[in-house]
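A closer look at the structure
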Amino acid sequence: MSMAATDSGPAARGSRSRRLERLAPGLAATLGLALSLVGCAPRAMDRTELALGTVCSIRVLDGASEAALDAAFARLRDIEATMSANAPGTVVDAVNRAAGSGAVAAPSDLRALARRALELAEASGGAFDPTVGPLVALWGIGFDTERVPAPGEIAAALPLVDRRGLVVDESAGTMALARAGMRLDLGGIAKGYAADEVARILTEHGVKAAVVDLGGNVKVVGRKPDRKPWRVGIQNPFSDRGERLGLATLPGGYTVVTSGVYERHFRGDDGAEYHHLIDPATGYPADGGLVSVTVIAESSMDADGLSTALFVMGPERGFALAEAYGVGAVYVRDDKGVLMNERARAVFELESGAFRLEAPVP
Ligand code: FAD
Ligand code: MG
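Remember, predicted model here, so these are calculated numbers, not experimental data. (Residues numbered from 1 in each chain as written. Chains lettered and ligands numbered in written order. Predicted model: local features only at pLDDT ≥ 70, side-chain atom pairs only at ≥ 80, totals over all residues. Heavy atoms only, no water.)

**A few points about the site of ligand 1**
Rules: Neighbouring residues are identified by heavy atoms, a residue being near a molecule or strand if any of them is within 4 Å of it. Two N or O atoms count as a polar contact when they lie within 3.5 Å, although within protein this holds only if one can serve as hydrogen donor and the other as acceptor, and sequence-adjacent residues are included solely when both atoms are side-chain atoms. Residue exposure ignores everything except the shown protein chains as possible cover, and the areas themselves are Shrake-Rupley values with a 1.4 Å probe. Segments assigned H or I by DSSP are reported as helices when at least four residues long, segments assigned E as strands when at least two residues long, and all are numbered from the N terminus.
The local shell around ligand 1 holds 25 residues, among which Leu 52, Gly 187, Ser 259, Ile 278 and Asp 304 are the closest. Contacts to ligand 1 include Asp 185, whose side-chain N or O atom sits 3.1 Å from an oxygen atom. Thr 308 is positioned such that a nitrogen or oxygen atom in its side chain is 2.9 Å from an oxygen atom of ligand 1. When isolated, ligand 1 has an accessible area of 950 Å², and the protein chains bury 90% of it. Of all the secondary-structure elements, those providing two or more residues to the shell around ligand 1 are α8 (190-204) and α9 (300-325).

**Quick word on the environment of Thr 282**
Heads up, the condition is: A simple rule labels every residue: compare its accessible area, found with a 1.4 Å probe on the protein chains alone, to the largest value its type can have, and call it buried under 20%, exposed over 50%, or partly exposed in between.
Residue placement: Thr 282 occurs in the loop between β12 (273-275) and β13 (290-297). Judged by relative accessible area, Thr 282 falls into the partly exposed class, the value being 38%. Sequence separation between Thr 282 and Ala 155 is 127 residues, and the spatial gap between their C-alpha atoms is 8.7 Å. In this structure the side chain of Thr 282 is engaged in a polar contact, spanning 3.0 Å, whose partner is the backbone nitrogen of Tyr 284.

**Overview of α8**
In plain terms, the rule: Multiplying one less than the number of residues by 1.5 Å gives the expected span of a helix. By definition, residues are in contact when any of their heavy atoms lie within 4.5 Å.
Here α8 spans 21 Å end to end across 15 residues, near enough to the 21 Å set by a 1.5 Å rise per residue. With eleven of 15 residues buried, α8 lies mostly within the body of the structure. Buried within α8 we find Ala 190, Gly 192, Tyr 193, Ala 194, Ala 195, Asp 196, Glu 197, Val 198, Ala 199, Ile 201 and Leu 202. Turning to α8, the residues buried within the fold contact β2 (54-62), α3 (66-83), α5 (108-123), β6 (209-214), β7 (217-222) and α9. Where α8 ends, the next residue or the one after it, Gly 206, has phi of about 90°, a positive value.

**Quick notes on the packing of aromatic side chains**
Definition in use: Centre distance within 6.5 Å is the pairing criterion for rings of Phe, Tyr and Trp, where only the six-membered ring of Trp is used; planes under 30 degrees apart are then read as stacked, over 60 as edge-to-face, and the remainder as tilted. Ring-over charges, as used throughout, are those where CZ of Arg or NZ of Lys falls within 6 Å of the ring centre and within 35 degrees of the ring normal.
The full count for this structure, using the stated rule, is five aromatic pairs. For the ring pair Trp 139 and Tyr 274, a centre distance of 5.2 Å and an interplane angle of 40° mean the geometry is tilted. Within this pair, whereas Trp 139 is found in helix α6 (residues 133-139), its partner Tyr 274 is found in strand β12, the two being separated by 135 residues in sequence. Judged by its relative accessible area of 0%, Trp 139 falls in the buried class. The buried category is assigned to Tyr 274, whose relative accessible area is 13%. The interplanar angle of 70° and the centroid separation of 5.1 Å between the aromatic rings of Phe 319 and Tyr 331 together place this pair among those described as edge-to-face. Here the residue Phe 319 occupies a position in helix α9, and Tyr 331 occupies one in strand β14 (residues 328-333), the gap between them amounting to twelve residues. Among the aromatic residues, those joined into a ring-pair cluster are Trp 139, Phe 266, Tyr 274 and Tyr 284. Positioned above the aromatic ring of Phe 238 is the side chain of Lys 336, whose terminal nitrogen or guanidinium carbon lies 4.7 Å from the ring centre.

**Remarks on the coordination of the magnesium ion (ligand 2)**
Cut-off, in case you're wondering: Distances decide who is a donor: an N, O or S atom must be within 2.8 Å of the metal, or within 3.2 Å for Na, K and Ca. Water is not included, so sites may look incomplete.
Around the magnesium ion (ligand 2), the protein contributes the donor atoms Gly 188 (O), Asp 304 (O), Asp 304 (OD) and Thr 308 (OG1), which lie 2.1 to 2.6 Å from the metal centre. All donors to the magnesium ion (ligand 2) come from one chain, and their sequence spacing reads G-x115-D-x3-T. Placement of Gly 188 in the loop between β5 (174-177) and α8 and of Thr 308 in helix α9 is noted, with a sequence separation of 120 residues between them. Looking at Gly 188, the relative accessible area reads 17%, which means it is buried. On the basis of relative accessible area, Thr 308 is assigned to the buried category, the value being 14%.

**Some remarks on the confidence of the model for the chain**
Applicable threshold: pLDDT expresses, on a scale from 0 to 100, how confident the predictor is about each individual residue.
Of the residues in the chain, 88% have a pLDDT of 70 or more, and the chain-wide mean is 89. Segment residues 1-38 is flagged for pLDDT under 50; beyond a separation of four residues in sequence, or across chains, it makes 33 contacts in the model.

**Thoughts on the nonpolar core**
Across soluble globular proteins, nonpolar side chains show a tendency to be buried alongside one another. Using the following cut-off: In plain words, nonpolar cores are sets of buried Ala, Val, Leu, Ile, Met, Phe, Trp, Tyr and Cys residues tied together by side-chain atoms within 4.5 Å.
Formed by 93 residues in total, the largest nonpolar core has its most connected members in Met 175, Leu 186, Leu 202 and Leu 310. In contact with Leu 186, not counting residues within four places along its chain, are Val 92, Leu 110, Leu 113, Ala 117 and Pro 130. Residues Val 132, Leu 135, Leu 138 and Val 161 belong to the second largest nonpolar core, which totals eleven residues.

**Considerations on the sheet that holds strand β1 (residues 45-51)**
Where we set the bar: Strands were regarded as paired on the criterion that DSSP finds at least two bridges between them.
Taking strand neighbours across the sheet as the criterion, the nine strands line up as β1-β2-β6-β7-β10-β13-β14-β15-β17 in an open arrangement whose pairing is mixed. Only two strands of the sheet have a single neighbouring strand rather than two, namely β1 and β17 (356-357).

**A short note on the packing of α3 against α8**
Inclusion rule: Lines are fitted to the C-alpha atoms to define the axes, a helix being fitted only along its stretch in contact, and any angle between axes, read from their N-to-C directions, falls within 0 to 180 degrees. Throughout this description, any angle smaller than 35 degrees is read as roughly parallel, any larger than 145 degrees as roughly antiparallel, any in the 65 to 115 degree range as roughly perpendicular, and the remainder as oblique. Take the far helix as your reference; a near helix turned counterclockwise from it by less than a right angle gives a left-handed crossing, and one turned clockwise gives a right-handed crossing. Here the nonpolar group is Ala, Val, Leu, Ile, Met, Phe, Trp, Tyr, Cys and Pro; Asp, Glu, Lys and Arg are the charged ones; every other residue, Gly included, is treated as polar.
Where α3 contacts α8, the axes come no closer than 9 Å and their chain directions differ by 150°. Relative to α8, α3 is oriented roughly antiparallel. Both α3 and α8 take part in a crossing whose hand is right-handed. Seen from α3, the contacting residues are Ala 68, Ala 71, Ala 72, Arg 75, Leu 76, Ile 79 and Met 83; seen from α8, they are Tyr 193, Ala 194, Glu 197, Val 198, Arg 200, Ile 201 and Leu 202. When its residues are assigned to classes, the contact of α3 with α8 shows eleven nonpolar, no polar and three charged.

**Quick word on the packing of α3 against α5**
Two elements in contact, α3 and α5, have axes separated by 10 Å at closest approach and are oriented at 70°. On the basis of the axis angle, α3 is roughly perpendicular to α5. α5 is crossed by α3, and the crossing has right-handed handedness. In contact with Arg 75, Thr 82 and Met 83 of α3, α5 contributes Asp 109, Leu 110 and Leu 113. Partitioned by chemical class, the residues of the contact of α3 with α5 number three nonpolar, one polar and two charged.

Next up, the structure:
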């Protein structure tokens, strides 16, 4: 979804009207009437900024204001400043530095996200694990440090990946990691949480229709001005951005989140491709012959965490977890086979003829 930044009308109109009022007070009443008529049309506005290590776009189709967009992007920066594992000075960084030596004060939003991540870790049998940080750091995929670690390094990191060692203490308002070397990484779920937060803030600011796109993590908000359902594309994992696998037709409040091998990967010195979705059981990128998993749901936080979990679990166990959470799931295999559960099939239409829809549907 490409979203050109077109800082359009309302603010410009507002300042022009104040200027005109000073210049020609007699015109104010007529102009006021004209402006209120203009105000009947949906107020649209786009804004795109870099945040959370990716391109974040908000396209408001109705009810836009500078204040709404300012508040939404301020919240994204706030989430990044609290939850990034990659920057010094965040709360997650403080928790990681204090691993094995004590608890750190953590704000309630971070504690709630960490608890939800732990629930998903439990439900997925550890396929999703917010303490996967030592492995993520070791592989460094997407960063200057990316490389294929030696088997001994992976063996040494594996015991440090342990969801039971992440302690969230609600009464004390703290978080702690049990052993030195452990590392919290919410990269598999925090963008989804951020999309839910942006949707909430836009609605609170009077936005009636919007598309929130945080690096491909898409959430639709409210009702489209033409009253038709939203249509959200799912990326074709074999082509460049922009080409579609198909379209999901959804009411407002829904989200479409994909975890794909194409998102972050590199070629090792051994010539093999390695991607960023790590199987905590092996310490290596999950190797289930998959290229992407898309989750369609209402909570973008759950959809984000689940897309990562389902990828690592593979379709057999993954579809059972999707049912448990009541979400749609679309698996794409490297042989271009596509598997969907009933919930996905009800809303998602495969468009590209290069893919085969496979039965049986669970
Ligand atoms: P997802 O499938 O949603 O998540 C994959 C990510 O989850 C991996 O990259 C890893 O971090 C983690 N992960 C891997 N395996 C597992 C597993 N088994 N269980 C749980 N988690 C797993 N990137 C930068 O390059 N620079 C930045 O400054 C930066 N800052 C960020 C700040 C925040 C707050 C967040 C949330 C992310 C940041 N990122 C940054 C990361 C970047 O946005 C990643 O691309 C993103 O987190 C991965 O999301 P995804 O949708 O591609 O894949
Ligand atoms: Mg995810």
